[in-house]
Amino acid sequence: MNEVTKIIIIGGEGNGGVAAACIVDMQKSYHRADIEVMGFLNDMIGKGEKINGFPVLGKTTDWPQFCSDESVRFIFAIHPIGHGPLRVKLFESLNIPDRLLFTLIHPKAFVAYNAELGPGVMVMSNSYIGASTKLGRCVFCMANTAIGHDTKFGPYCHVSLGAVVGSYVNVGTASDIALNAIVMEKIIIEDFAVVGAGAMITKNVHRSEVVIGNPQRVLRMTEDKQHYTL
């Protein structure tokens, strides 16, 4: 009998719930008996309570308590949109080694044979990851996203439902591409930027800019938020 990988999701009902739903669908629809959700780690919901039907096992900082079980892996699902620096701070404060991060790929996603996916990446159903594309640590690609060939994402980025990113795009650390946004090819999106819902990006986006509209315009700069409630 194959060993079951037990997944602990660090986060809450948002992106954490998406990860849990993906795993449940893999079990039910694709007969993946080799993976299961063990529970959540969350700082705001008490131990023993539930998130999306799964138990809260403790605080985010409790993750080392579960490492004696070699079958346990973690998904870091704290992706507050528009707060990239905080996202990085939260992850790096936990010091979870890459070898313990689980890379979650829905069976209905297309991932090119030579795409490079970092530890902790999540790619949801009906998504397309093109040839020679590189996704850094803990990049989340939600359902129906498309990322063209030879595009690079830095760590901790979030690509929302229906977003399309062209080829030869370079996205920095902890940047967000929102619902149904389109990024044309050969664009540079710098660290901590946000591409707003439905935006058409034809020019480079600078560090920490929130860009919206078609044609694109800068709405404001992202906040340097120091704390986040799960």
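Position numbers for residues start from 1 in each chain and track the written sequence from start to end. Local features in a predicted model are, by the rule used here, given only for residues with pLDDT of at least 70; side-chain atom pairs are given and counted only at 80 or more, and totals for whole chains, interfaces and linings are based on all residues. Where side-chain values are given, they derive from all heavy atoms of the structure, hydrogens and water being excluded.

Q: Would you mind showing me how to read the nonpolar core here?
A: One recurring pattern in soluble globular proteins is that nonpolar side chains are buried together. Residues belong to one nonpolar core when they are buried, are Ala, Val, Leu, Ile, Met, Phe, Trp, Tyr or Cys, and are joined through side-chain atoms within 4.5 Å. Buried, partly exposed and exposed residues are distinguished by accessible area as a fraction of the type maximum, computed with a 1.4 Å probe on protein chains only: under 20%, between the cut-offs, and over 50%, respectively. Ranked by size, the top nonpolar core spans 28 residues in total, and within it Leu-135, Cys-141, Phe-153, Ile-177, Val-183, Ile-189 and Ile-201 carry the most contacts. Contact definition: two residues touch when any of their heavy atoms are within 4.5 Å. When neighbours within four sequence positions are excluded, Ile-177 is seen to be in contact with Phe-153, His-158, Val-159, Ser-160, Ala-163, Val-165, Val-183, Ile-189 and Val-195.

Q: Help me understand the environment of Ala-163 in this model?
A: Within the secondary structure, Ala-163 is located in the loop between strand S15 (158–159) and strand S16 (164–165). Taking the relative accessible area as the measure of exposure, Ala-163 reaches 0% and is therefore buried. C-alpha of Ala-163 to C-alpha of Met-142: the two residues are 21 residues apart in sequence and 8.5 Å apart in space. For helices the rule is a DSSP run of H or I covering at least 4 residues; for strands it is a run of E covering at least 2, with both sets numbered from the N terminus onward.

Q: Can you walk me through the sheet that holds strand S17 (residues 170–171) in this structure?
A: Two orientations exist for strands paired in a sheet by backbone hydrogen bonds: parallel and antiparallel. Taken together, the five strands give an open sheet; going across it, the order is S8-S11-S14-S17-S20, and neighbouring strands pair in parallel fashion. Edge positions in the sheet fall to strand S8 (116–117) and strand S20 (188–189), since each of these pairs with one other strand and no more. Between any two strands, pairing holds if DSSP finds at least two bridges.

Q: Sorry, what's going on with the environment of Gly-166 here?
A: With respect to the element layout, Gly-166 can be found in the loop between S16 and S17. We classify Gly-166 as buried; its relative accessible area is 16%. The spatial distance from the C-alpha of Gly-166 to the C-alpha of Thr-151 is 7.5 Å, given a sequence separation of 15 residues. When sequence neighbours within four positions are dropped, the list of residues in contact with Gly-166 reads Gly-148, Thr-151, Val-183, Met-184 and Glu-185.

Q: I keep staring at the packing of aromatic side chains and nothing clicks. Help me out?
A: Two rings belonging to Phe, Tyr or Trp (six-membered ring only in the last case) form a pair when the distance between their centres is within 6.5 Å. Interplanar angles under 30 degrees mark stacking, angles over 60 mark edge-to-face geometry, and anything in between is tilted. Across all of its chains, the model carries four aromatic pairs by this definition. Ring geometry for Phe-91 versus Tyr-156: centroids 5.3 Å apart, planes at 45°, classification tilted. One end of the pair, Phe-91, is in helix H2 (residues 84–94); the other, Tyr-156, is in the loop between strand S14 (152–153) and S15, with 65 residues separating them in the sequence. One exposure class covers both Phe-91 and Tyr-156, and it is buried. Between Phe-110 and Tyr-128, the aromatic rings sit 5.0 Å apart at their centres with planes inclined by 10°, giving stacked as the arrangement. Highlighted residues: Phe-110 in strand S7 (residues 110–111) and Tyr-128 in strand S10 (residues 128–129), separated in sequence by 18 residues. Taken together, Phe-76, Phe-91 and Tyr-156 form an aromatic cluster joined through their ring pairs.

Q: Sorry, what's going on with the sheet that holds strand S24 (residues 217–221) here?
A: What the eight strands build is an open sheet, ordered S6-S9-S12-S15-S18-S21-S23-S24; its pairing is mixed. Since the sheet does not close on itself, it has two edges, and those belong to strand S6 (104–105) and S24, each with one partner.

Q: Help me understand the environment of Ser-208 in this model?
A: Along the polypeptide, Ser-208 turns up in the loop between strand S22 (200–201) and strand S23 (209–212). Accessibility expressed as a relative area gives 15% for Ser-208, which makes it buried. Each C-alpha atom, one on Ser-208 and one on Phe-110, is 30 Å from the other, the two residues being 98 residues apart in sequence. Once residues within four sequence positions are removed from consideration, Ser-208 is found in contact with Asp-191, Phe-192, Ala-193, Arg-220, Met-221 and Thr-222.

Any functional reading would require information beyond the geometric quantities listed.
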